[in-house]
Amino acid sequence: MLIIKHILFPQDFSEQSRDVAVAVRKLACQFGAEVTMMSVLPPIWEQLGVTFESGGAFGAIEAPARSHVDMEELKAGLDARLAATATRELVGVPVRRIVETGDPAESIVAFAQSEGADLIMMATRGHGPFRSLLLGSVAAKVLHDAHCPVWTSAHASEPVVARPAQRNILCAVDGTPKTVPVMEWAAEWASAVGGTLRLVHAIPGMQAWPDRQMNHEFEAALMQQARETIERQQQAAGIGAALGVGTGDIAAVVREEALRHSSDLVVIGRGLLDGTFGRLRTHSYGIIRLAPCPVISV
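Residues numbered from 1 in each chain as written. Predicted model: local features only at pLDDT ≥ 70, side-chain atom pairs only at ≥ 80, totals over all residues. Heavy atoms only, no water.

Enquirer: Could you clarify how one ought to interpret the side chain of His 201 in this entry?
Expert: Examined against the element boundaries, His 201 turns out to sit in strand β7 (residues 196-203). A polar contact of 3.0 Å, which involves the side chain of His 201, links it to the backbone oxygen of Val 173. (Helix = DSSP H or I, 4+ residues; strand = E, 2+ residues; numbered from the N terminus. Polar contact = N/O pair within 3.5 Å; in protein donor to acceptor, adjacent residues only side chain to side chain.)

Here you go:
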């Protein structure tokens, strides 16, 4: 059973984080969850004695440029700013605001595990002509290490305009047995929010194969085989959802399917789309980077 009772919302005071706050409130109200808004003060600044840039990642107050920085003074300033952040966006939701000192990603992951967070919701800091190519380092580390699902905001430079409810849920599947729990999780999420679930599977690398192998019969056979495999998994899991199968770059296929069906959310399994290449590598990273809507990595 899907339980979302505690949402952890890391705050970096960026414009994108303010947008995320609206989604946090919506989900908190839907699931009856409490929210912890968290900001992290990196201790390295105490040694360097440099100045924080307002609006920078997890550094939101200015410190005096001197050889010794008063960390308590900085922490008090960050506490004050956090207390005044997203008060309107999160009105009516029980919110706890905390400031930690340490490595931002490590602090977020450790807090989520020790405090039993059911979902981490965070911005990816992916706007702008060059930032759209890169996932923020804190977000990437959290995605790699967190044990609970992680919701990340749309990272694409031209995201889909947010709708008032998450009605269209798209789940990327790879056809292996390990993807079944992700499919089941997505189905529970869709049911909980009153949405419709659709599945998408991509057969990668077709465009790079020699021409002699690239014939319509062979491609059709691969697609049919994948469809039959996933439909058997659906039937065994009791999941009735439409399935789309495409060929080509995995992230691009997922993006096109999301655009075609006006998806409000994409669900992926961390590591399940990556084979033996680790928990957050080419495909997961690419899907998050290209998705026109938020992504939940399970």
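Enquirer: How should the packing of aromatic side chains be read in this particular structure?
Expert: What characterises a pair of aromatic rings is the spacing of the ring centres plus the angle enclosed by the ring planes. In the structure shown here, the tally under the stated rule is two aromatic pairs. On the basis of an interplanar angle of 45° and a centroid distance of 5.2 Å, the ring pair of Phe 31 and Trp 189 is categorised as tilted. You can see Phe 31 sitting in helix α1 (residues 15-31) and its partner Trp 189 sitting in helix α6 (residues 180-192), a full 158 residues away along the chain. Here Phe 31 matches Trp 189 in class, with each residue buried. Geometrically, the ring pair formed by Trp 185 and Trp 189 is stacked, given 5.3 Å between the ring centres and 20° between the ring planes. Here Trp 185 and its partner Trp 189 are both found in helix α6, four residues apart, which amounts to about one turn of the helix. Residue class for Trp 185 comes out buried when judged on its relative accessible area of 13%. Under the relative-accessibility criterion, Trp 189 is labelled buried at 0%. Taken together, Phe 31, Trp 185 and Trp 189 form an aromatic cluster joined through their ring pairs. (Phe/Tyr/Trp six-rings, centres within 6.5 Å; stacked < 30°, edge-to-face > 60°. Buried < 20%, exposed > 50% of the residue type's maximum accessible area, 1.4 Å probe, protein only.)

Enquirer: How should I be thinking about the environment of Leu 197 in this particular structure?
Expert: Of note, Leu 197 is situated in strand β7. The class for Leu 197 is buried, based on a relative accessible area of 10%. Along the sequence, Leu 197 and Leu 265 sit 68 residues apart, while their C-alpha atoms lie 9.9 Å from each other. Sequence-distant contacts of Leu 197, defined by excluding residues within four places in its chain, comprise Ile 169, Cys 171, Met 183, Ala 186, Ala 187, Ala 190, Ile 239, Ala 241 and Ala 242. (Contact = heavy atoms within 4.5 Å.)

Enquirer: Where do I start with the pattern of salt bridges in this structure?
Expert: Pairs can form between side chains of opposite charge once their charged atoms are near each other. Inspection of every chain in the model, using the stated rule, returns four salt bridges. A salt bridge links Glu 115 to Arg 96; the nearest nitrogen and oxygen atoms lie 3.8 Å apart. Taken together, the positions of Glu 115 in the loop between α4 (104-114) and β4 (119-122) and Arg 96 in strand β3 (residues 95-101) put the pair 19 residues apart, joining distant regions of the chain. According to the relative accessible area criterion, Glu 115 is partly exposed, its value standing at 39%. A salt bridge links Glu 257 to Arg 198, with the nearest nitrogen and oxygen atoms 2.8 Å apart. Here Glu 257 is found in helix α8 (residues 250-260), whereas its partner Arg 198 is found in strand β7, with 59 residues between them in sequence. It is possible to trace a salt-bridge network through shared partners that takes in Arg 198, Glu 257 and Arg 260. (Salt bridge = Lys/Arg side-chain N within 4 Å of Asp/Glu carboxyl O.)

Enquirer: I would appreciate a short explanation of the packing of α4 against helix α5 (residues 137-145) in the present structure.
Expert: How two helices pack is summed up by the angle between their axes together with the distance between the axes. One way to put it is that α4 packs onto α5 with a least axis distance of 8 Å and a crossing angle of 35°. The way α4 lies across α5 gives a crossing that is right-handed. Residues Pro 104, Ala 105, Ile 108 and Val 109 of α4 touch α5, and the partners they reach there are Val 138, Lys 141, Val 142 and Asp 145. Broken down by class, the residue content of the contact of α4 with α5 amounts to six nonpolar, no polar and two charged. (Axes fitted to C-alpha atoms, helices over the stretch in contact; angles between N-to-C directions. Left-handed = near helix turned anticlockwise from the far one by under 90°. Nonpolar A, V, L, I, M, F, W, Y, C, P; charged D, E, K, R; others polar.)

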